[in-house]
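The primary structure of each chain is shown beneath.
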Amino acid sequence: MAGSGKTTLMRALSDRMGVLGQVPYIINADPAVAHVPYVANIDIRDAVNYKEVMKQYGLGPNGAILTALNLFATKFDQVLELCKRRADEVSHVLVDTPGQIEAFTWSASGQIITESVASEMPTCVLFVLDVPRSRSPTTFMSNMLYACSILYKTRLPIVVVLNKTDVAKADDLVGWMRDFELFQKALDDDRDATYASTLTRSMSLALDEFYAGLEVVPVSAATGDGLDALVGAITRAATEFEEGYALEAKASLAARQEQAEKDRAASLARLQADVEGRPAPEQASGEAAPIGLSDAAGSGLRTSMGREVVDALESVREEGGAAARTRGELMREAPALGVFANGRRMPGWEPSDDEVAAAQSAEAVAAIGAAEEEEDEEVEEGEEEALQAVREMARAMRDKAAADKAAEA
Ligand SMILES: Nc1nc2c(ncn2[C@@H]2O[C@H](COP(=O)(O)OP(=O)(O)OP(=O)(O)O)[C@@H](O)[C@H]2O)c(=O)[nH]1
Ligand SMILES: [Mg+2]
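My aim in this report is to walk through the structure given alongside it, one point at a time. (Residues numbered from 1 in each chain as written. Chains lettered and ligands numbered in written order. Predicted model: local features only at pLDDT ≥ 70, side-chain atom pairs only at ≥ 80, totals over all residues. Heavy atoms only, no water.)

### A word on the overall build of the chain
Stage number 1. On a plain count of helices and strands, the chain comes out with 17 helices and six strands.
Stage number 2. When the 409 residues of the chain are sorted by exposure, 46% land in the buried category.
Stage number 3. In the chain, of all internal contacts separated by at least 6 residues, the share reaching a separation of at least 24 is 77%. (Helix = DSSP H or I, 4+ residues; strand = E, 2+ residues; numbered from the N terminus. Buried < 20%, exposed > 50% of the residue type's maximum accessible area, 1.4 Å probe, protein only. Contact = heavy atoms within 4.5 Å.)

Below, the structure written as structure tokens:
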């Protein structure tokens, strides 16, 4: 859900995984996020310039998010290749999604991305809810409806993550999910009984058996509470995936891949037409059109805890977290992505070896600069070693580039 703390949770979860000796690899699939508090190994913003998409295609923020995601999805096979190359080093791949649920769950590109990931590795969906904003029975039920729709759409194991428990306890919500009677009682006690609560009661009768069995974990991304339980739930979901979902996924994958291939071709054709200033070919049926939410949706819904949360996050920063981020920095894939929408090289785009080498050495030099600046701050022991490795790598790259240049001359 928008503003429920997905991005903050990514940071907290990856830090915690680092402490537990796991190596998370993070993909940021939100083109509109201004700042990510974690190291994104693959960042959609390195591939698609969202503001440029708004300008070039005359779109509002939500349309641009969707178009940027479409562009990213057309290149997702390359993203997966990058992930696969890291398979031996990495324990988990975490994907941070855009806030508007429609933009991901109900879009063709969201589906392509989810299915592509699920075709390569055990996959589960973390459905993050904002506890302080979900405490009325009606809101709770609409969230359960969302959870069921995600279940229906993705057919993947779902973990319901009840976030911001530092602000409000999640006991009621867990009780409502697990015990039908408790929820009915809450509805009876609801003083704002209206038409909506009658609808809510009917929905609970129909949906209870679907959501009652879902994994649910209360957490606070700000204080780190509940994260070990979340890691445990993710591990169980992976087993569940392998035992059940994978078989079904494999059976239907071929058909879906064929459809995805068609969508991808149609999307490429439209983009090509756009780039060449021709009228766009007709939209293939079944593919999602840009959603029409008002620009203010999302930002207006956000429960902003701002500074306090940032401070709290800093206070739960642990050794492993810092080391995980340093390790993440070593695996940043920015140069391999390139800005394809902006540079108009999207169709058939492939960076040349020289481009990759140049970008990598520029990156390494930038990493040195950043590392040296960071040295003022307290640098943990493990972090120091990793930084040393970055520096050595960068030095070697620079020396090699200089030697190559000299040899050429
Ligand atoms: N108190 C508290 N605030 C939180 C917690 N997690 C996130 N926040 C705050 O909630 C707001 C939204 O957090 P984000 O991580 O940006 O949420 P998001 O789901 O990624 O937002 P979108 O990507 O825009 O949908 C920020 O102000 C965070 O500081 C938490 O566990 N406790
Ligand atoms: Mg976010």
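### Re the packing of helix H5 (residues 76-85) against helix H7 (residues 108-120)
Stage number 1. One can describe the packing of H5 onto H7 by two numbers: an axis separation of 11 Å at closest approach and a directional angle of 35°. You can see that H5 and H7 cross each other, and the crossing is right-handed. Within the contact between the two elements, H5 uses Phe76, Leu80 and Lys84 and H7 uses Ile113, Ser116, Val117 and Glu120.
Stage number 2. For the contact of H5 with H7, a count of residues per class yields four nonpolar, one polar and two charged. (Axes fitted to C-alpha atoms, helices over the stretch in contact; angles between N-to-C directions. Left-handed = near helix turned anticlockwise from the far one by under 90°. Nonpolar A, V, L, I, M, F, W, Y, C, P; charged D, E, K, R; others polar.)

### Concerning the sheet that holds strand E2 (residues 42-43)
Stage number 1. Taken in spatial order, the three strands of this open sheet run E2-E1-E3, and their pairing is parallel. Of all strands in the sheet, those bounded by a partner on one side alone are E2 and strand E3 (92-96).
Stage number 2. Relative to E2, strand E1 (residues 24-28) runs parallel, the two being bridged by two bridges. Bridge pairing links Ile27 to Ile42 in E2.
Stage number 3. In this fold helix H1 (residues 6-19) packs onto E1 and E3, with an angle of close to 165° to the strand it touches most, E3. (Pairing = 2+ DSSP bridges.)

### What about unusual backbone geometry?
Trans is the common state for peptide bonds, and a negative phi is the common state for residues other than glycine.
Stage number 1. A positive phi angle is found at Arg155, which is not glycine, with a value near 55°.
Stage number 2. The phi dihedral of Lys164 falls on the positive side, at around 75°, and the residue is not glycine.
Stage number 3. Take Lys164: it is sitting in the loop between strand E5 (158-163) and helix H9 (171-178).

Read these as spatial facts, not as claims about activity.
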